[in-house]
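For reference, the chains in residue letters:
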Amino acid sequence: MKRSNNDFLILLTCCVNPKDMVYTKINDPKIRIEQYYKAFDYYLFCTPYKILIVENTLFDIDTKYKQNERIEYLTFDGNNFDKSLGKGYGEALIIKYAIENSNYIKENKNINIIKITGRLIVLNINKHIQQFNDKYRQNQVLIDTNLRFDIVYSYFFIANFYFFTKYFLKNKEMINDSLKIYFEHVLLLSVKEYIDQGNFYDFFKRPIIIDGVSGSTGEKYTDGSQFKLIARHFLKRFLLKFKNNKPVR
(Lines give C-alpha, C1' and ligand atoms only; values in the text may rest on other atoms or scores of the structure.)
Protein backbone atom coordinates (compact mmCIF):
# COMPACT_ATOMS: atom_id res chain seq x y z
CA MET A 1 0.00 0.00 0.00
CA LYS A 2 1.46 3.34 -1.04
CA ARG A 3 1.58 6.25 1.35
CA SER A 4 0.43 9.83 0.74
CA ASN A 5 2.67 12.89 0.93
CA ASN A 6 1.40 13.47 4.48
CA ASP A 7 2.88 10.15 5.57
CA PHE A 8 6.42 11.43 5.00
CA LEU A 9 8.35 14.09 6.87
CA ILE A 10 11.77 15.51 5.98
CA LEU A 11 13.79 16.00 9.17
CA LEU A 12 16.74 18.37 8.73
CA THR A 13 19.17 18.32 11.67
CA CYS A 14 21.01 21.62 12.08
CA CYS A 15 23.76 23.16 14.18
CA VAL A 16 24.53 26.72 13.08
CA ASN A 17 27.25 27.42 15.66
CA PRO A 18 29.18 24.23 16.57
CA LYS A 19 31.55 26.21 18.85
CA ASP A 20 34.77 24.44 17.86
CA MET A 21 33.25 20.99 18.05
CA VAL A 22 35.91 18.28 17.81
CA TYR A 23 36.32 16.53 14.45
CA THR A 24 34.41 19.32 12.71
CA LYS A 25 36.07 21.06 9.77
CA ILE A 26 33.34 23.59 8.94
CA ASN A 27 32.81 25.72 12.05
CA ASP A 28 32.03 29.19 10.64
CA PRO A 29 28.34 29.97 11.39
CA LYS A 30 28.10 32.28 8.35
CA ILE A 31 29.17 29.52 5.99
CA ARG A 32 26.96 26.98 7.70
CA ILE A 33 23.79 29.09 7.61
CA GLU A 34 24.28 29.78 3.90
CA GLN A 35 24.47 26.03 3.32
CA TYR A 36 21.37 25.47 5.44
CA TYR A 37 19.32 28.08 3.60
CA LYS A 38 20.33 26.61 0.25
CA ALA A 39 19.14 23.19 1.43
CA PHE A 40 15.89 24.55 2.89
CA ASP A 41 15.06 26.20 -0.43
CA TYR A 42 15.77 23.03 -2.36
CA TYR A 43 13.48 20.83 -0.27
CA LEU A 44 10.74 23.45 -0.33
CA PHE A 45 10.76 23.84 -4.10
CA CYS A 46 11.69 20.31 -5.20
CA THR A 47 9.65 18.10 -2.84
CA PRO A 48 5.98 18.10 -1.75
CA TYR A 49 6.60 17.01 1.85
CA LYS A 50 6.40 18.75 5.19
CA ILE A 51 9.80 19.80 6.55
CA LEU A 52 10.86 19.70 10.18
CA ILE A 53 13.97 21.79 10.86
CA VAL A 54 15.55 21.31 14.28
CA GLU A 55 18.54 23.44 15.35
CA ASN A 56 20.49 23.12 18.59
CA THR A 57 22.18 26.52 19.18
CA LEU A 58 19.13 28.79 19.65
CA PHE A 59 19.61 30.33 16.21
CA ASP A 60 16.76 32.45 14.88
CA ILE A 61 16.40 31.59 11.19
CA ASP A 62 15.01 33.85 8.49
CA THR A 63 11.33 34.67 9.06
CA LYS A 64 10.34 33.46 5.59
CA TYR A 65 11.08 29.89 6.65
CA LYS A 66 9.30 30.12 10.00
CA GLN A 67 6.20 31.52 8.29
CA ASN A 68 6.08 28.89 5.55
CA GLU A 69 3.11 26.56 6.10
CA ARG A 70 5.14 23.48 5.15
CA ILE A 71 7.90 24.13 7.68
CA GLU A 72 8.02 23.52 11.42
CA TYR A 73 11.09 25.11 13.01
CA LEU A 74 12.37 24.14 16.43
CA THR A 75 15.51 25.43 18.12
CA PHE A 76 16.86 24.64 21.57
CA ASP A 77 19.99 24.94 23.70
CA GLY A 78 21.40 21.55 22.92
CA ASN A 79 25.09 22.07 22.17
CA ASN A 80 26.50 22.33 25.68
CA PHE A 81 27.33 18.66 26.20
CA ASP A 82 30.86 17.27 26.61
CA LYS A 83 32.46 18.07 23.23
CA SER A 84 34.59 14.92 23.35
CA LEU A 85 31.40 12.99 22.59
CA GLY A 86 31.42 14.63 19.15
CA LYS A 87 28.92 16.09 16.73
CA GLY A 88 27.20 12.72 16.22
CA TYR A 89 26.05 12.78 19.83
CA GLY A 90 24.74 16.30 19.31
CA GLU A 91 22.83 15.15 16.26
CA ALA A 92 21.27 12.32 18.25
CA LEU A 93 20.08 14.89 20.79
CA ILE A 94 18.54 16.88 17.94
CA ILE A 95 16.63 13.80 16.79
CA LYS A 96 15.44 13.18 20.35
CA TYR A 97 14.23 16.78 20.62
CA ALA A 98 12.45 16.47 17.29
CA ILE A 99 10.64 13.29 18.28
CA GLU A 100 9.53 14.72 21.61
CA ASN A 101 8.54 18.24 20.52
CA SER A 102 7.41 18.29 16.89
CA ASN A 103 3.73 18.96 16.32
CA TYR A 104 4.03 17.31 12.90
CA ILE A 105 5.13 14.08 14.57
CA LYS A 106 2.57 14.32 17.38
CA GLU A 107 -0.16 14.59 14.75
CA ASN A 108 0.89 11.38 13.00
CA LYS A 109 2.75 8.66 14.92
CA ASN A 110 2.77 6.52 11.75
CA ILE A 111 4.96 9.07 9.99
CA ASN A 112 7.96 7.96 7.93
CA ILE A 113 10.90 10.21 8.71
CA ILE A 114 13.43 11.15 6.03
CA LYS A 115 16.43 12.08 8.13
CA ILE A 116 18.96 14.34 6.38
CA THR A 117 21.94 16.28 7.70
CA GLY A 118 20.57 19.79 7.25
CA ARG A 119 23.35 21.34 5.15
CA LEU A 120 23.12 18.64 2.49
CA ILE A 121 20.95 18.52 -0.61
CA VAL A 122 19.96 15.02 -1.75
CA LEU A 123 19.45 15.84 -5.41
CA ASN A 124 17.57 12.61 -6.17
CA ILE A 125 15.59 12.48 -2.93
CA ASN A 126 12.26 11.90 -4.68
CA LYS A 127 13.57 8.75 -6.36
CA HIS A 128 14.64 7.33 -2.99
CA ILE A 129 11.28 8.10 -1.41
CA GLN A 130 9.62 6.46 -4.40
CA GLN A 131 11.63 3.30 -3.69
CA PHE A 132 10.48 3.34 -0.07
CA ASN A 133 6.89 3.85 -1.19
CA ASP A 134 6.93 1.29 -4.01
CA LYS A 135 8.15 -1.44 -1.67
CA TYR A 136 6.26 -0.17 1.34
CA ARG A 137 6.10 -2.37 4.42
CA GLN A 138 4.69 -1.36 7.75
CA ASN A 139 8.06 -1.62 9.50
CA GLN A 140 11.10 -0.89 7.37
CA VAL A 141 14.22 1.23 7.13
CA LEU A 142 16.03 2.29 3.98
CA ILE A 143 19.78 2.73 4.44
CA ASP A 144 23.22 3.09 2.88
CA THR A 145 26.32 1.34 4.17
CA ASN A 146 29.85 0.35 3.21
CA LEU A 147 30.96 -2.98 1.77
CA ARG A 148 31.88 -4.35 5.20
CA PHE A 149 28.43 -3.43 6.52
CA ASP A 150 30.05 -2.26 9.76
CA ILE A 151 28.39 1.17 9.72
CA VAL A 152 25.17 2.73 8.46
CA TYR A 153 25.68 6.19 6.98
CA SER A 154 23.81 8.78 9.02
CA TYR A 155 23.58 11.74 6.64
CA PHE A 156 20.54 10.27 4.89
CA PHE A 157 18.22 7.41 5.78
CA ILE A 158 14.49 6.74 5.93
CA ALA A 159 12.73 5.03 8.83
CA ASN A 160 9.41 5.06 10.60
CA PHE A 161 8.64 6.72 13.92
CA TYR A 162 8.78 3.36 15.69
CA PHE A 163 12.41 2.73 14.67
CA PHE A 164 13.52 6.06 16.10
CA THR A 165 11.64 5.79 19.38
CA LYS A 166 12.05 2.10 20.20
CA TYR A 167 15.53 1.38 18.81
CA PHE A 168 17.79 4.28 17.90
CA LEU A 169 17.11 6.68 20.76
CA LYS A 170 17.63 4.05 23.43
CA ASN A 171 21.15 3.48 22.07
CA LYS A 172 22.18 7.12 21.63
CA GLU A 173 24.20 7.31 24.88
CA MET A 174 26.69 4.89 23.35
CA ILE A 175 27.88 7.54 20.86
CA ASN A 176 31.35 8.79 21.81
CA ASP A 177 33.64 10.07 19.09
CA SER A 178 36.66 10.14 21.41
CA LEU A 179 36.23 6.38 21.86
CA LYS A 180 35.67 5.97 18.09
CA ILE A 181 32.07 4.89 18.65
CA TYR A 182 30.35 7.03 16.08
CA PHE A 183 26.73 7.78 15.24
CA GLU A 184 27.12 5.43 12.26
CA HIS A 185 28.09 2.51 14.52
CA VAL A 186 25.13 3.06 16.81
CA LEU A 187 22.79 3.43 13.84
CA LEU A 188 24.01 0.06 12.54
CA LEU A 189 23.42 -1.54 15.93
CA SER A 190 19.91 -0.10 16.00
CA VAL A 191 19.14 -1.42 12.51
CA LYS A 192 20.37 -4.91 13.42
CA GLU A 193 18.27 -4.94 16.59
CA TYR A 194 15.32 -3.78 14.53
CA ILE A 195 15.56 -6.57 11.96
CA ASP A 196 16.23 -9.15 14.68
CA GLN A 197 12.69 -8.40 15.84
CA GLY A 198 11.25 -9.32 12.46
CA ASN A 199 11.26 -5.88 10.86
CA PHE A 200 12.55 -5.01 7.40
CA TYR A 201 15.36 -3.08 5.78
CA ASP A 202 16.78 -2.48 2.34
CA PHE A 203 19.67 -0.60 0.74
CA PHE A 204 19.06 2.36 -1.51
CA LYS A 205 18.89 0.90 -5.00
CA ARG A 206 20.13 4.13 -6.57
CA PRO A 207 23.26 6.10 -5.68
CA ILE A 208 22.68 9.00 -3.31
CA ILE A 209 23.65 12.15 -5.20
CA ILE A 210 24.61 14.91 -2.77
CA ASP A 211 25.21 18.60 -3.26
CA GLY A 212 27.20 19.49 -0.17
CA VAL A 213 30.36 18.90 1.82
CA SER A 214 31.16 16.87 4.91
CA GLY A 215 31.17 18.86 8.13
CA SER A 216 33.92 16.59 9.44
CA THR A 217 36.34 16.76 6.51
CA GLY A 218 35.17 19.63 4.30
CA GLU A 219 35.20 17.27 1.31
CA LYS A 220 32.39 16.89 -1.22
CA TYR A 221 30.04 13.97 -0.63
CA THR A 222 29.50 13.33 -4.33
CA ASP A 223 32.55 13.81 -6.53
CA GLY A 224 33.59 12.45 -9.91
CA SER A 225 31.52 11.42 -12.91
CA GLN A 226 27.92 10.28 -12.66
CA PHE A 227 28.80 7.11 -14.57
CA LYS A 228 31.47 6.08 -12.04
CA LEU A 229 29.16 6.91 -9.15
CA ILE A 230 26.38 4.73 -10.56
CA ALA A 231 28.76 1.88 -11.40
CA ARG A 232 30.30 1.86 -7.92
CA HIS A 233 26.89 1.95 -6.28
CA PHE A 234 25.44 -0.97 -8.21
CA LEU A 235 28.58 -3.05 -7.68
CA LYS A 236 28.39 -2.38 -3.94
CA ARG A 237 24.68 -3.19 -3.79
CA PHE A 238 25.28 -6.45 -5.70
CA LEU A 239 28.11 -7.52 -3.38
CA LEU A 240 26.19 -6.60 -0.24
CA LYS A 241 23.34 -8.90 -1.24
CA PHE A 242 25.73 -11.84 -1.17
CA LYS A 243 28.13 -10.89 1.62
CA ASN A 244 25.55 -9.95 4.19
CA ASN A 245 24.77 -12.75 6.64
CA LYS A 246 21.19 -11.57 7.10
CA PRO A 247 19.32 -11.30 3.80
CA VAL A 248 17.31 -8.20 3.14
CA ARG A 249 13.81 -8.91 4.39
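Undergrad: How should I be thinking about the overall build of the protein in this particular structure?
TA: When its secondary structure is counted, the protein shows eight helices and nine strands. Looking at the protein residue by residue over its 249 residues, the buried ones come to 54%. Long-range contacts, defined here as pairs at least 24 residues apart, represent 72% of the contacts in the protein between residues at least 6 apart. Within the structure as shown, the protein displays about 11900 Å² of accessible surface, and the carbon and sulfur contribution to it stands at 52%.

Undergrad: Is there a simple way to explain helix α3 (residues 87-101) in this structure?
TA: One turn of an α-helix holds 3.6 residues; hence residues three or four places apart share an orientation. In this model, α3 (15 residues) spans 21 Å end to end at C-alpha, consistent with the 21 Å of a helix rising 1.5 Å per residue. What α3 keeps buried is the set Gly-88, Tyr-89, Gly-90, Glu-91, Ala-92, Leu-93, Ile-94, Ile-95, Ala-98 and Ile-99.

Undergrad: Mind showing me how you'd approach the nonpolar core here?
TA: Ranked by internal contacts, the top residues of the largest apolar core, which has 42 residues, are Ile-143, Phe-163 and Phe-168. By size, the runner-up hydrophobic cluster in this structure holds 35 residues, among which are Leu-12, Ile-61, Ile-158 and Ile-208.

Undergrad: I keep staring at the pattern of salt bridges and nothing clicks. Help me out?
TA: Counted according to the given criterion, the structure contains nine salt bridges. Of the charged contacts in the structure, one is a salt bridge between Glu-91 and Lys-115, with a shortest N-O distance of 2.6 Å. In this pair, Glu-91 is assigned in helix α3 and Lys-115 in strand β4 (residues 112-117), connecting sequence segments 24 residues apart. Taken individually, Glu-91 and Lys-115 each receive the classification buried, so the pair is uniform in this respect. Residue Glu-100 is joined to Lys-96 by a salt bridge in which the shortest nitrogen-to-oxygen separation is 3.0 Å. Highlighted residues: Glu-100 and Lys-96, both in helix α3, separated by four residues, approximately one helical turn. Owing to a relative accessible area of 44%, Glu-100 belongs among the partly exposed residues under this scheme.

Undergrad: Even after reading the chapter, I still don't get the pairing of strand β2 (residues 50-55), so can you show me in this structure?
TA: The side chains of a regular strand alternate, residue by residue, between the two faces of the sheet. Taken across its six residues, β2 has five buried, putting it largely inside the fold. Direction of pairing for strand β1 (residues 8-14) relative to β2: parallel, over a ladder of six bridges. Its bridge partner being in β2, Leu-9 is matched across the sheet by Lys-50. With five bridges joining them, β2 and strand β3 (residues 71-75) adopt parallel strand pairing. Along β3, the bridge assignment pairs Glu-55 with Thr-75.

Undergrad: What's the story with the pairing of β1 in this structure? I'm lost.
TA: Among the seven residues in β1, seven count as buried, and that is most of the element. Bridge analysis of β1 against β4 gives six bridges, and the strand direction is parallel. Bridged to Thr-13 within β4 is Thr-117.

Undergrad: Explanation requested: the sheet that holds β2 in the structure shown.
TA: Adjacent strands of a sheet pair through backbone hydrogen bonds, lying either parallel or antiparallel. With mixed pairing, the seven strands of this open sheet are ordered in space as β3-β2-β1-β4-β7-β6-β8. Strands at the two margins of the open sheet, each flanked by one partner only, are β3 and β8 (200-203). Sheet twist, expressed as the average angle between the axes of neighbouring strands with direction ignored, equals 15°. Pairing of β4 with strand β7 (residues 156-160) involves five bridges; the strand directions are antiparallel. What sits directly across from Ile-114, in β7, is Ile-158. Its contacts with the sheet put helix α1 (residues 29-46) on β1, β2, β3 and β4, and the angle it makes with β1 is roughly 175°. Across the sheet, α3 is in contact with β1, β2, β3 and β4; its angle to β1 comes to roughly 140°.

Undergrad: Explain the packing of α3 against helix α6 (residues 161-171) here, please?
TA: Packed helices, taken two at a time, are described by their axes: the angle between them and the distance between them. Put simply, α3 and α6 touch, their axes get as near as 11 Å, and they point 130° apart. Between α3 and α6, the interaxial angle falls into the category oblique. The element α3 and its partner α6 pack so that their crossing is left-handed. Counting all contacts with α3, which are made through Ala-92, Ile-95, Lys-96 and Ile-99, the residues of α6 involved are Phe-161, Phe-164, Thr-165, Phe-168 and Leu-169. Here the residues of the contact of α3 with α6 sort into seven nonpolar, one polar and one charged.

Undergrad: Is there a simple way to think about unusual backbone geometry in this case?
TA: Glycine aside, the phi torsion of most residues is negative, and most peptide linkages are trans. Of note, Phe-149 is a non-glycine position whose phi angle comes to about 50°, a positive value. Along the polypeptide, Phe-149 turns up in the loop between β6 (140-143) and β7.

Undergrad: Even after reading the chapter, I still don't get the side chain of Asp-7, so can you show me in this structure?
TA: Note that Asp-7 resides in the segment before β1. Of note is the side chain of Asp-7, whose polar atom sits 3.5 Å from the side chain of Asn-108. Once residues lying within four places of it in the same chain are set aside, the contact partners of Asp-7 are Asn-108, Ile-111 and Asn-112.

Criteria and cut-off values
Residue numbers here run from 1 along each chain, matching the order of that chain's written sequence. Reporting of local features is limited, given that this is a predicted model, to residues whose pLDDT is at least 70; pairs of side-chain atoms are given and counted only at 80 or more, and all residues count toward the totals for whole chains, interfaces and linings. Calculated side-chain values reflect all of the structure's heavy atoms, with hydrogen atoms and water omitted. Each helix is a run of H or I in the DSSP string that is no shorter than four residues. Each strand is a run of E no shorter than two, and both are numbered from the N terminus. Type-normalised accessible area, obtained with a 1.4 Å probe on protein chains alone, sets the label of each residue: buried when under 20%, exposed when over 50%, and partly exposed for intermediate values. A contact between two residues is defined here by any heavy atoms of the two lying within 4.5 Å. Only the protein chains shown count as covering a residue, and every accessible area follows the Shrake-Rupley method with a 1.4 Å probe. Expected span, for any helix, means 1.5 Å times one less than how many residues it has. Take the buried residues of types Ala, Val, Leu, Ile, Met, Phe, Trp, Tyr and Cys, join any two whose side-chain atoms come within 4.5 Å, and each joined set is a nonpolar core. Put simply, a salt bridge is a Lys or Arg side-chain nitrogen that is within 4 Å of an Asp or Glu carboxyl oxygen. Only strands that DSSP links by at least two bridges are regarded as paired with each other. Helix axes use the C-alpha atoms of the stretch in contact, all axes being lines fitted to C-alpha atoms, and the angles between their N-to-C directions lie in the range 0 to 180 degrees. Orientation is classified from the angle alone, with under 35 degrees giving roughly parallel, over 145 giving roughly antiparallel, 65 to 115 giving roughly perpendicular, and any other angle giving oblique. In this scheme, a crossing is called left-handed if the near helix is turned counterclockwise away from the far one by less than a right angle; it is called right-handed if the turn is clockwise. Asp, Glu, Lys and Arg are counted as charged, while Ala, Val, Leu, Ile, Met, Phe, Trp, Tyr, Cys and Pro are counted as nonpolar; the rest, among them Gly, fall into the polar class. Within 3.5 Å is the distance limit for a polar contact, defined as a pair of N or O atoms, with the added protein rule that one can donate a hydrogen and the other accept it, and that residues adjacent in sequence qualify only through two side-chain atoms.

Taken by themselves, the reported measurements are silent on function.
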